[in-house]
Protein chains: 2
Amino acid sequence: MNKTHQLQNYLQQNKISAAFITNPDNVFYITGFRSNPHERLFGVMLFADADPFVICPKMEVPDVEASGWQFGAIGHEDTEDAMDILQQAAESRQASLTALAVEKTHLTVSRQEALSGIFPDAAFHSIDDQLNAMRVIKDSREIELLAAAAELADYAIEIGCDTLKEGITELEVLSEIELALKKRGVSHMSFDTMVLFGDKTASPHGKPGNRKLRKGDFVLFDLGVIWEGYCSDITRTVAFGTPSDEQRAIYDTVLRAELASVEAAKAGITAAELDRTARQVIEDAGYGDYFTHRLGHGLGISVHEYPSLHGANDLPLTAGMAFTVEPGIYVPGVAGVRIEDDLVLTEDGVTILTQFPKDLQILGEN
Amino acid sequence: MNKTHQLQNYLQQNKISAAFITNPDNVFYITGFRSNPHERLFGVMLFADADPFVICPKMEVPDVEASGWQFGAIGHEDTEDAMDILQQAAESRQASLTALAVEKTHLTVSRQEALSGIFPDAAFHSIDDQLNAMRVIKDSREIELLAAAAELADYAIEIGCDTLKEGITELEVLSEIELALKKRGVSHMSFDTMVLFGDKTASPHGKPGNRKLRKGDFVLFDLGVIWEGYCSDITRTVAFGTPSDEQRAIYDTVLRAELASVEAAKAGITAAELDRTARQVIEDAGYGDYFTHRLGHGLGISVHEYPSLHGANDLPLTAGMAFTVEPGIYVPGVAGVRIEDDLVLTEDGVTILTQFPKDLQILGEN
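Please read these numbers as outputs of a predicted model, since none were measured by experiment. In this numbering scheme, every chain counts its residues from 1 along its sequence in written order. As they are written, the chains are lettered A onward and the ligands numbered 1 onward, keeping that order. It should be noted that, the model being predicted, local features are given only for residues of pLDDT at least 70 and side-chain atom pairs only at 80 or more, the latter also being counted only at that level, while totals for whole chains, interfaces and linings use all residues. Water and hydrogen atoms play no part in the side-chain values, which are based on all heavy atoms of the structure.

1. Topic: the layout of surface pockets
- Space inside the second largest pocket adds up to approximately 670 Å³.
- Put simply, the grid is 1 Å and covers the protein atoms alone, a cavity is a trapped set of points that fit a 1.4 Å probe, a pocket is an open set with protein on both sides within 12 Å along at least five of seven lines, and lining residues have an atom within 4 Å of a point. Looking at the second largest pocket, it is lined by 30 residues, and the ones nearest its centre are A:Met59, A:Glu77, B:Phe291, B:Thr292 and B:His293.
- Comment: elements are numbered from the N terminus, with helices defined as DSSP H or I runs of at least four residues and strands as E runs of at least two. For the lining of the second largest pocket, the secondary-structure elements that each account for two or more residues are helix H3 (61–66) of chain A together with helix H10 (271–284) of chain B.
- Among the elements that line the lining of the second largest pocket, the one with the most residues is H10(B), at 4 residues.
- Throughout this entry, Asp, Glu, Lys and Arg are counted as charged residues, while Ala, Val, Leu, Ile, Met, Phe, Trp, Tyr, Cys and Pro are counted as nonpolar. The remaining residues, Gly among them, count as polar. Tallied by class, the residues present in the lining of the second largest pocket amount to 10 nonpolar, 8 polar and 12 charged. Grid points are joined across faces, edges and corners, and a volume is the space filled by probe spheres set on the points.

Spelled out as structure tokens, the structure:
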């Protein structure tokens, strides 16, 4: 059943007249069309008892039609009142709207007030849980795209490792990675590519700059690729030159934690239990205070999506869910290590989408 | 007067207990600290009668403190209820909140519901107009940063032009531009860099790909740089090889339109009138149907910010406002041309921040 029909059934079953969806990721999920509307009105309106439509800036109407969306698009110009146009289009589909489902986690207060203005009889319902429930279970086509995105992420790490040489800067390595990906047709990364050297690896949110690579540095790559709308997200940490004993101890601990979480990842475990498997390894090694973030996050059309894998989330994980596991240890002044894979749960286990080796790679030694 | 004090005065004058600001651009404007919190709670809370604070993920607290923000930051972890922490921090500053200002154009409905939960007595006011009114007038330091960002945009166009050669792809040119900028310390573009060749220039929202450059192509660059938090946005169209008469006619029309809008840009003119100056030139030349978007947009911390320069906006422009003018003509199957500058209005005229030549550049001829 396609997404439009699924949502229409949901509206009928819950006696909700219509849904207005404006999160670009959700619009893409439903329609196959992606756009960044900035401040302009862009969304898909679905009805319990009528066909849906897309509303978008007029100049994007041809692109919506070319994307394969079969229900038509209504355009508005900057000089027009887009809400008026939405109201007319909605009323031509369904005479009265008594209940309207919206993404409460995305819709702004001012948009809600404007919707209240044009649909004065409508009570607002949240459709976030329904969209999360649909998006969290990936179908086989989605898993193929996630796997393709992960393969490109592996390739990116390979390029990054090949580029390392004494004196090169973080930004130069980053550029070489992104150029190689662009040549393979990648137009967008999932997020700002991170390439960090040496002491900078100890900040989980460090920014690449003109730091030059020196022997003895750890190099941390954290990056992802968007491929046909689906994201990957990989982290690898490698050594440039011989690592110290402390660097090795940190690396080994993170690797054991990461492997423990991959091993434990199967349908039925909760997010909190999975977080615990990795965290326990790190705590037992005495580094508990240096693992300062959650284990991972859902992955799909958004690079950070439902569910969040942290110690207070009792959600049982089920087959079809895709997520990252990414334990890390960050010891200021010494080194940071993070290792991250993209996983998909299956009926009887787990598929690891990211494949770049995780044994400590020691580079720059002739 | 700094921004914190300005907002505190605003709250006092309007008898509003507090403001909670979560748009990352506005938080940066007020605090000098920039972060992308994804789904995590991140904002600055200001009070009529107490000192403000930042609330952010715990691992970012040191970064906030290092950024020069003098009023402290309160951290929360993924396993904690961030709203509880916000409530406690707010109540320790101000016993009761009867009115709370929020960015209704940014705050989500679910966040507003959560704020209603922790501040049950608070009525919600919009602080958007106040923030727009503050941000729209740039001070001398902001204008310096906009000028520095524009100079880097000029440099990017220069690199792009130097890179053009027969057979090179749009993505390769794009990569060369971004690498050159990264070497100058630019870590973020204002938006996805656009490099389009030939027929692809006729789409105002085309995407760079593997199209190869051929003699007779127009090349359209639309790009911008973020420099210390401030954006530039430039478009130039150049010819690779000898242009046809029709290409020349389109180019000359856009150039005359753009020059007309720069000439007319002075304090007192309305956004609609300024849009009209350029549109009239294009309509008179018979290309009115092919200028399918507004004239321009405000520019600052956001690349598209208040005000919007379109034909239905009667806002008078005043000294200190920074914005783009970017007329274009897009004739499908023939060519697209857009020319865009960044302007700042002064008391007695206008400063043009982008300086790359606008006479038709004909490249690729030996």
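2. Considerations on the packing of helix H7 (residues 140–163) of chain B against helix H8 (residues 170–183) of chain B
All names here are of chain B.
- Convention adopted: a line fitted to C-alpha atoms gives each axis, helices being fitted over their contacting stretch, and angles between N-to-C directions are expressed from 0 to 180 degrees. Direction vectors running N to C along H7 and H8 enclose 140°, while the axes themselves pass 9 Å from each other. Our classification of the angle between H7 and H8 gives oblique. The element H7 and its partner H8 pack so that their crossing is right-handed. Together, Leu152, Tyr155, Ala156, Ile159, Gly160 and Thr163 of H7 and Val173, Glu176, Ile177, Ala180 and Leu181 of H8 make up the contact between the two elements.
- Residues that form the contact of H7 with H8 fall into these classes: 8 nonpolar, 2 polar and 1 charged. Roughly parallel means an angle under 35 degrees; roughly antiparallel means over 145; roughly perpendicular covers 65 to 115; every other angle is labelled oblique. Each crossing gets its hand from how the near helix is turned against the far one by less than a right angle, where anticlockwise is left-handed and clockwise is right-handed. Should any heavy atoms of two residues lie within 4.5 Å, those residues are counted as being in contact.

3. Looking at the relation of the copies chain B and chain A
- When the copies are overlaid, the least-squares fit takes in C-alpha atoms only where the residue has pLDDT of at least 70 in both copies. The two copies are related by a screw motion: chain B maps onto chain A through a turn of 180° and a shift of 0.0 Å along the axis, at an RMSD of 0.0 Å. The superposition of one copy onto the other is thereby described by a two-fold rotation axis. Closest approach to the rotation axis among the C-alpha atoms of chain B is made by B:Thr108, whose C-alpha sits 2.1 Å away.
- Taken together, the interface assignments show that 100% of the residues at the interface of chain B recur at the interface of chain A, consistent with an identical surface on both copies.

4. Focus on the packing of aromatic side chains
- Classification of ring pairs rests on two measures: the distance between centres of Phe, Tyr or Trp rings, Trp counted by its six-membered ring, which must be within 6.5 Å, and the angle between planes, read as stacked under 30 degrees, edge-to-face over 60 and tilted in between. Inspection of every chain in the model, using the stated rule, returns 12 aromatic pairs over all chains.
- Aromatic pair A:Phe28 and A:Tyr230: ring centres 6.5 Å apart, planes at 55°, arrangement tilted. Within this pair, whereas A:Phe28 is found in helix H2 (residues 24–31), its partner A:Tyr230 is found in strand S10 (residues 230–231), the two being separated by 202 residues in sequence.
- Overall, the relative accessible area of 12% leaves A:Phe28 in the buried class.
- Measuring from centroid to centroid gives 5.9 Å for A:Phe33 and A:Phe42, while their planes differ by 70°, and the two rings are edge-to-face.
- Each residue is assigned to one of three classes by its accessible area relative to the maximum for its type, calculated with a 1.4 Å probe on protein chains only: buried under 20%, partly exposed between the two thresholds, exposed over 50%. Its relative accessible area of 7% is what places A:Phe33 among the buried residues.
- Placement of a positive charge over a ring is assigned whenever Lys NZ or Arg CZ falls within 6 Å of the ring centre and within 35 degrees of the normal to the ring plane. The positively charged end of A:Arg184 is found above the aromatic ring belonging to A:Tyr155, 3.6 Å away from the centroid.
- Geometry around B:Phe291 places B:Arg279 over its ring, the cationic atom sitting 4.0 Å from the centre.

5. Regarding the interface of chain B and chain A
- Across the boundary between the two partners, chain B contributes 33 residues, which contact 33 residues of chain A.
- As a working definition, buried area equals the accessible area (1.4 Å probe) given up by two parts on being put together, with both sides summed. A combined buried area of about 3,400 Å² lies between chain B and chain A, and 55% of that area is made up of carbon and sulfur atoms.
- For this analysis, a salt bridge means a side-chain nitrogen from Lys or Arg found within 4 Å of a carboxyl oxygen belonging to Asp or Glu. One can count 4 salt bridges joining chain B with chain A.
- Counting of polar contacts relies on pairs of N or O atoms within 3.5 Å, with two restrictions inside protein: one atom must be capable of donating a hydrogen and the other of accepting it, and residues adjacent in sequence are counted only when both atoms are side-chain atoms. Taken together, chain B and chain A are joined by 12 residue pairs in polar contact (both at pLDDT 80 or more).
- Counting residues per element, the ones that place at least two in the side of chain B that touches chain A are helix H5 (109–118) and H8 of chain B.
- Top element by residues in the side of chain B that touches chain A is H8(B). It accounts for 8 residues.

6. Thoughts on unusual backbone geometry
- For the bond running from A:Tyr306 to A:Pro307, omega is 0°, close enough to zero to count as cis.
- You will see that A:Lys15, though not glycine, has its phi angle at about 55°, which is positive.
- One non-glycine residue, B:Glu228, lies in positive phi territory at about 50°.
- Along the chain, B:Glu228 falls in the loop between strand S10 (225–227) and strand S11 (230–231).

7. Quick word on empty space enclosed by the protein
- Applying the stated criterion across every chain, the model contains 3 cavities of 30 Å³ or more.
- Here the largest cavity is characterised by a volume of approximately 80 Å³.
- If you go around the largest cavity, the residues you meet are A:Ser175, A:Glu176, A:Glu178, A:Leu179, A:Lys182, B:Ser175, B:Glu176, B:Glu178, B:Leu179 and B:Lys182.
- Taken together, the elements giving at least two residues each to the lining of the largest cavity come down to helix H8 (170–183) of chain A together with H8 of chain B.

8. Here we look at the UniProt feature "domain: Creatinase N-terminal" (unreviewed entry) in chain A
- UniProt positions are given in the numbering used here, feature names are shortened, and annotations may be inferred rather than shown by experiment. Annotation from UniProt places "domain: Creatinase N-terminal" (unreviewed entry) at residues 6–137 of chain A.
- Between the end C-alpha atoms of residues 6–137 of chain A there is a gap of 14 Å, over a span that is 40% helix and 20% strand.

9. Quick word on the domain arrangement of chain A
Residues and elements named next belong to chain A.
- Domain boundaries in chain A define domain 1 (3–135) and domain 2 (137–363).
- Inter-centroid distance (C-alpha atoms) of domain 1 to domain 2 is 35 Å.
- With 9 residues of domain 1 at the contact, the number on the domain 2 side is 11 residues.
- Of the roughly 770 Å² buried at the junction of domain 1 and domain 2 (both faces included), carbon and sulfur atoms supply 45%.
- For domain 1, the biggest contributors to the area lost against domain 2 are Phe28, Asn132 and Arg135; these three give 59% of the whole.
- For the pair domain 1 and domain 2, the number of links is 1 salt bridge.
- For Glu305, the salt bridge identified is with Arg135, shortest N-O distance 2.7 Å.
- Seen at the junction of domain 1 and domain 2, the total is 5 residue pairs in polar contact (both at pLDDT 80 or more).
- Of all the secondary-structure elements, those providing two or more residues to the side of domain 1 that touches domain 2 are H2 and helix H6 (128–136).
- The leading source of residues in the side of domain 1 that touches domain 2 is H6, at 4 residues.
- Taken together, the residues of the side of domain 1 that touches domain 2 sort by class into 4 nonpolar, 1 polar and 4 charged. Each domain's extent was defined by an automatic or database domain assignment.

10. Looking at the sheet that holds strand S7 (residues 188–189) of chain B
All names here are of chain B.
- If DSSP finds at least two bridges between two strands, the strands pair. Reading across the sheet, the 3 strands line up as S7-S10-S11 and stay open at both edges, with antiparallel pairing between neighbours. The sheet is open, and its two borders are formed by S7 and S11, each paired with just one other strand.
- Note that S7 and S10 share 2 bridges and pair antiparallel. Residue pairing in the sheet places His188 in a bridge with Ile226 of S10.

11. Describing helix H9 (residues 245–264) of chain A
- When the terminal C-alpha atoms of H9(A) are compared, their 28 Å separation across 20 residues agrees well with the 28 Å that a helix rising 1.5 Å per residue should span.
- Among all positions of H9(A), only A:Gln247, A:Ile250, A:Tyr251, A:Thr253, A:Val254, A:Leu255, A:Ala257, A:Glu258, A:Ser261, A:Val262 and A:Ala264 are buried. To estimate the expected span of a helix, count its residues, drop one, and scale the result by 1.5 Å.

12. A short note on the environment of B:Arg338
All names here are of chain B.
- Structurally, the position occupied by Arg338 is in strand S17 (residues 335–338).
- Considered as a pair, Arg338 and Ala285 are 53 residues apart in the sequence and their alpha carbons are 15 Å apart.
- Within the structure, the side chain of Arg338 is placed 2.8 Å from the side chain of Tyr330, a separation counted as a polar contact.

13. Structural notes on the pairing of strand S7 (residues 194–197) of chain A
All names here are of chain A.
- What you see with S7 is no split at all: Met194 and Leu196 on one side and Val195 and Phe197 on the other are buried throughout.
- Pairing of S7 with strand S8 (residues 217–223) involves 4 bridges; the strand directions are antiparallel. By the bridge assignment for S8, Met194 is matched with Asp222.

14. So, the packing of helix H1 (residues 3–13) of chain A against H6(A)
All names here are of chain A.
- Packing of H1 against H6 brings their axes to within 12 Å, and their N-to-C directions diverge by 145°. With respect to the hand of their crossing, H1 and H6 are arranged in right-handed fashion. Contacts between H1 and H6 involve Lys3, Gln6, Leu7 and Tyr10 on the former and, on the latter, Gln130, Leu131 and Met134.

15. Here's the deal with the pattern of salt bridges
- Here the structure, examined in full by the defined rule, presents 30 salt bridges over all chains.
- In this structure, the salt-bridge partner of A:Lys58 is A:Glu77, at a minimum N-O distance of 3.5 Å. Of the two residues, A:Lys58 is situated in the loop between strand S3 (53–57) and H3 and A:Glu77 in the loop between strand S4 (73–76) and helix H4 (82–93); the sequence distance between them amounts to 19 residues.
- Taking the relative accessible area as the measure of exposure, A:Lys58 reaches 48% and is therefore partly exposed.
- Two residues, B:Arg211 and B:Asp217, come together in a salt bridge whose shortest N-O distance is 3.0 Å.

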